[in-house]
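Architecture and fold: a report
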Amino acid sequence: MIEKLAQQAEITAELFSLEGIPTAYGCRMDDIEQMKLHCKSIQPFKAWCVVSEWIIWIIDVPQGTPGTHPIKELVLANHIIEDGQGRFPSGGWVRTTMVIHTHHNCIFETNNTFYILVGSGNSKRLSLNEFGQKIKLFSQIY
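Here goes a summary of the coordinates provided. Owing to the predicted nature of the structure, the values given are computational and were not obtained by experimental measurement. (Residues numbered from 1 in each chain as written. Predicted model: local features only at pLDDT ≥ 70, side-chain atom pairs only at ≥ 80, totals over all residues. Heavy atoms only, no water.)

Quick look at the overall build of the protein chain
What counts is decided by this rule: Under the scheme used here, helices are H or I runs from DSSP no shorter than 4 residues and strands are E runs no shorter than 2 residues, and both carry numbers assigned from the N terminus. Only protein chains enter the calculation, and the probe is 1.4 Å; a residue is then buried if its accessible area is under 20% of its type maximum, exposed if over 50%, and partly exposed in between. Two residues qualify as a contact provided that any one of their heavy atoms is within 4.5 Å of a heavy atom in the partner residue. Note on areas: these come from Shrake-Rupley sampling with a 1.4 Å probe, and a residue is covered only by the protein chains present in the view.
A count of helices and strands for the protein chain gives 3 helices and 8 strands. Seen in sequence order, the protein chain has helices and strands lined up from the N terminus as α-β-α-β-β-β-β-β-β-β-α. Residue burial in the protein chain is summarised as follows: out of 142 residues, 40% are buried. In the protein chain, the proportion of contacts linking residues at least 24 apart, taken out of those at least 6 apart, comes to 67%. Carbon and sulfur atoms make up 54% of the accessible area of the protein chain, which totals about 8,400 Å².

Some details on the pairing of strand β7 (residues 113-117)
Put simply, the test is: Here a strand pair is declared whenever DSSP counts at least two bridges between the two strands.
In terms of burial, β7 is a largely internal element, 5 of the 5 residues being buried. Burial along β7 is two-sided: the residues T113, Y115 and L117 and F114 and I116 are all buried. Judged from the 3 bridges that link them, strand β6 (residues 107-109) and β7 form a sheet pairing that is antiparallel. Each residue of the ladder has a partner; that of I107, found in β7, is I116. What sits between β6 and β7 in their antiparallel hairpin is a turn of 3 residues.

Comments concerning helix α2 (residues 32-42)
Rules: To be clear, the arc concerns the directions from the helix axis to the C-beta atoms.
Of all the residues in α2, the buried ones are I32, M35, K36 and C39. Down the axis of α2, the buried set is contained in an arc of 105°. They therefore lie on one face. Within α2, the exposed residues directed more than 90 degrees away from the buried face are E33, Q34, L37 and S41.

A look at the nonpolar core
The cut-off we apply is this: In this description, a nonpolar core means a group of buried Ala, Val, Leu, Ile, Met, Phe, Trp, Tyr and Cys residues linked to one another through side-chain atoms lying within 4.5 Å.
Counting 13 residues, the largest nonpolar core has V51, I56, V75 and L117 as its most contacted members. Residue assignment for this core shows that the elements contributing at least two residues are β2 (47-60), β3 (71-83) and β7. With 5 residues, the top contributor of residues to this core is β2. Not counting residues within four places of it along the chain, the set of residues in contact with I56 comprises Y25, E73, L74, V75, F108, L117, N122, S123 and K124. Counting residues in each nonpolar core, the second largest holds 11 residues, with W48, V50, I116 and V118 among its members.

Comments concerning the pairing of β2
β2 sits mainly inside the fold: 12 of its 14 residues count as buried. Bridge count for β2 against strand β8 (residues 121-127) is 7 bridges, and the pairing is parallel. Note that in β8 the partner of W54 across the bridge is G121.

Thoughts on the packing of aromatic side chains
Quick reminder of the rule: Pairing of aromatic rings covers Phe, Tyr and Trp, the last counted by its six-membered ring, and requires centre-to-centre distances within 6.5 Å; plane angles under 30 degrees mean stacked, over 60 mean edge-to-face, and any other angle means tilted.
The full count for this structure, using the stated rule, is 1 aromatic pair. Between Y25 and F108, the aromatic rings sit 5.2 Å apart at their centres with planes inclined by 85°, giving edge-to-face as the arrangement. Remark: F108 occurs in strand β6 and Y25 occurs in the loop between β1 (21-22) and α2; sequence separation between them is 83 residues. Accessibility expressed as a relative area gives 27% for Y25, which makes it partly exposed. Taking relative accessible area as the criterion, F108 reaches 1% and is therefore assigned buried.

Here it is in structure tokens:
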């Protein structure tokens, strides 16, 4: 039992760790209002969320997997600055669904939301299998 808890803690720590390769994404705090306006110019009614303390998970999908692009991205943010629709509390955390487009190197768009990344962050590359196993184990914990 203790061994299983230790494994679960290790998986959780790895998934939520912000350690990785430093990236050039993320805008300055002074640019947040401009980025919100940019989101509204693309899709006026699409939700937006401003986040910091983030990491981009880059998930390698095997070539030849039907209907997929070889690389998928998700964002994990450990600090929500502001959510335009009040879905997420300020100071909370969020994990996005798959990113479908990137704007201005700091706006990561999913099917439902624009995520505006602020400040510095990192990226971490995982294989699809490795990511799936970790998420599955994480989901069983919580």
